[in-house]
Amino acid sequence: MPNSRIIGTGSYIPEKVLTNLDLEKMVETSDAWIVERTGIRERHVAADGEAASDMAAAASRRALEMAGVRPEDLDVIIVGTISADMPMPSAAVLLQQKLGASKAFAFDLSAACAGSIYGMGIADSFIATGRVRRALVVGVEVLTRILDWTDRNTCVLFGDAAGAMVLAPSDGPSGILSTHLHSDGAGAPALYIPAGGSARPTTEATVREKLHYVKMNGREVYKIAVRSLTAVLGEAFATNRVTPDDVSHVIAHQANLRILESVLQRYAIPMSKCWVNLDKVGNTSSASLPMTLDQANRAGRLSRGDLIAMMAIGAGMAWGGALVRW
Ligand code: ACO
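Visitor: I'm lost on the packing of aromatic side chains in this one. Help?
Guide: Each aromatic ring pair is summarised here by two numbers: the centre-to-centre distance and the angle between the ring planes. This model, assessed by the stated rule, comprises three aromatic pairs. With 6.3 Å between their ring centres and 15 degrees between their planes, Phe105 and Phe107 make a pair best called stacked. On the basis of an interplanar angle of 90 degrees and a centroid distance of 5.5 Å, the ring pair of Phe105 and Phe126 is categorised as edge-to-face. Within this pair, whereas Phe105 is found in strand β5 (residues 105–109), its partner Phe126 is found in helix α5 (residues 115–129), the two being separated by 21 residues in sequence.

This is how it looks when you write it as structure tokens:
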């Protein structure tokens, strides 16, 4: 029997839309280039004054309502984010306060776009020990605040959003069958923020040189992503002795349509099984996976007993996969 089950999902996407045509006016790019290379057509941007914990709270309230769980009954809150409200304290404790989840211990998890799948794996393990009965896992990013809006390599890719899921002990065959988490720090130079940490604290020079923004070697990230996600899906299939044909849905971190197509092609899984929203929201990093799950769930796509394959990868590189019996 699985350790834990996802009993509620929720998401929040800020209202303001930034289209590829808007970006054409900001940097030397084109709608055609962005769509062809990534599949992204528009993304959403948080309102002025809207911080990660605000968006996380909106997504969490929806997930808790669906789960029928009161905030005060939560045992742990795990927030995957690299764009928390501030360096200290964590977005998770600010979220705890906003929800009134007085009993929970709360912490942030830094695994970039893999933040939610890492959080899911950790929550599943906490539940397996019996230490935790109700876990809230959130992915939230306000990446538009840490992008260089003059760098066309990065600014066209990302958007803001939050996604949340509530986990509880499983009482039957439904639940998280396995999670598979991996990291390889050799990939660190492919995607990073050079300044603002202890290696390179903030100075006037770092600000002038725009070193507090995301830097990326897109080709390198692309290659690592396809290789790692293909491997982790294979690992999940082998562990559970299932075949790709058994998979009803793929819920994936949405970085780039071509990455998703390449990985699924290796297993002959049709794209019709993969819920795609990156055309509307762009790459929302850790928010992507739980938000996508919530959209598929609320659209009535997921039926009891369906086998769902999940996968995500981000800066680190850090990546993970999971198989879930819905
Ligand atoms: N508009 C127009 N031209 C651009 C843009 C842009 N927005 N960005 C880059 N270019 C140019 C480059 O400068 C380059 O020009 P050059 O040949 O004159 O030097 C040309 O387009 C080709 O650049 P490439 O980097 O080779 O383009 P590629 O086909 O690899 O596509 C992309 C770039 C979309 C970033 C791709 O590499 C990619 O998707 N990589 C994965 C990155 C990713 O998903 N990152 C998200 C974070 S990590 C994660 O979530 C998994």
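Next comes the rest of the account.
Visitor: For this particular structure, what's the right way to read the pattern of salt bridges?
Guide: As enumerated under the stated definition, the model contains seven salt bridges in all. Glu220 serves as the salt-bridge partner of Lys223, at 3.6 Å between the closest nitrogen and oxygen. Of the two residues, Lys223 and Glu220 both sit in helix α8 (residues 218–239), three residues apart, roughly one turn of that helix. Residue class for Lys223 comes out exposed when judged on its relative accessible area of 51%. Note that Arg298 and Asp294 form a salt bridge whose closest N and O atoms lie 2.7 Å from each other.

Visitor: What is the right way to read the layout of surface pockets from this model?
Guide: Remark: the empty space left among the atoms is shown by a probe the size of a water molecule rolled over them. Of the volumes computed, that of the largest pocket is approximately 910 Å³. Every residue lining the largest pocket is counted, 32 residues in all, and those nearest its centre are Ile82, Ser83, Ala84, Ile146 and Ile193. Looking at the lining of the largest pocket residue by residue, the classes come out as 19 nonpolar, nine polar and four charged. The calculated volume of the second largest pocket comes to roughly 700 Å³. Lining of the second largest pocket is provided by 30 residues; of these, Leu157, Met216, Gly218, Arg219 and Asn256 occupy positions nearest its centre. Those elements giving two or more residues to the lining of the second largest pocket turn out to be α2 (31–38), α6 (152–155), α8, α9 (257–266) and β12 (307–314). Among the elements that line the lining of the second largest pocket, the one with the most residues is α8, at six residues. When grouped by side-chain class, the residues that make up the lining of the second largest pocket number 14 nonpolar, ten polar and six charged.

Visitor: Looking at this structure, I do not really get the nonpolar core. What am I missing?
Guide: Soluble, globular proteins show a tendency: their nonpolar side chains are buried together. Counting 45 residues, the largest nonpolar core has Leu233, Phe237, Val250 and Met311 as its most contacted members. For this core, the elements supplying multiple residues, two or more each, are α8, β11 (249–252), α9, β12 and β13 (318–325). Looking at this core, the element that brings in the most residues is α8, giving nine residues. Two domains share this core, each providing at least three of its residues, namely domain 1 (4–171) and domain 2 (177–325). The contact partners of Val250, leaving out residues within four places of it in the chain, are Leu264, Ile269, Lys273, Cys274, Trp275, Ala309 and Met311. Counting 30 residues, the second-largest nonpolar core is a separate cluster that includes Ile117, Val132, Leu302 and Ala312.

Conventions adopted
- Residues numbered from 1 in each chain as written.
- Predicted model: local features only at pLDDT ≥ 70, side-chain atom pairs only at ≥ 80, totals over all residues.
- Heavy atoms only, no water.
- Phe/Tyr/Trp six-rings, centres within 6.5 Å; stacked < 30°, edge-to-face > 60°.
- Helix = DSSP H or I, 4+ residues; strand = E, 2+ residues; numbered from the N terminus.
- Salt bridge = Lys/Arg side-chain N within 4 Å of Asp/Glu carboxyl O.
- Buried < 20%, exposed > 50% of the residue type's maximum accessible area, 1.4 Å probe, protein only.
- 1 Å grid on protein atoms, 1.4 Å probe; cavity = no way out; pocket = protein on both sides within 12 Å on 5 of 7 lines; lining within 4 Å.
- Points joined across faces, edges and corners; volume = space filled by probe spheres on them.
- Nonpolar A, V, L, I, M, F, W, Y, C, P; charged D, E, K, R; others polar.
- Core = buried A, V, L, I, M, F, W, Y, C linked by side-chain atoms within 4.5 Å.
- Domains from an automatic or database assignment.
- Contact = heavy atoms within 4.5 Å.

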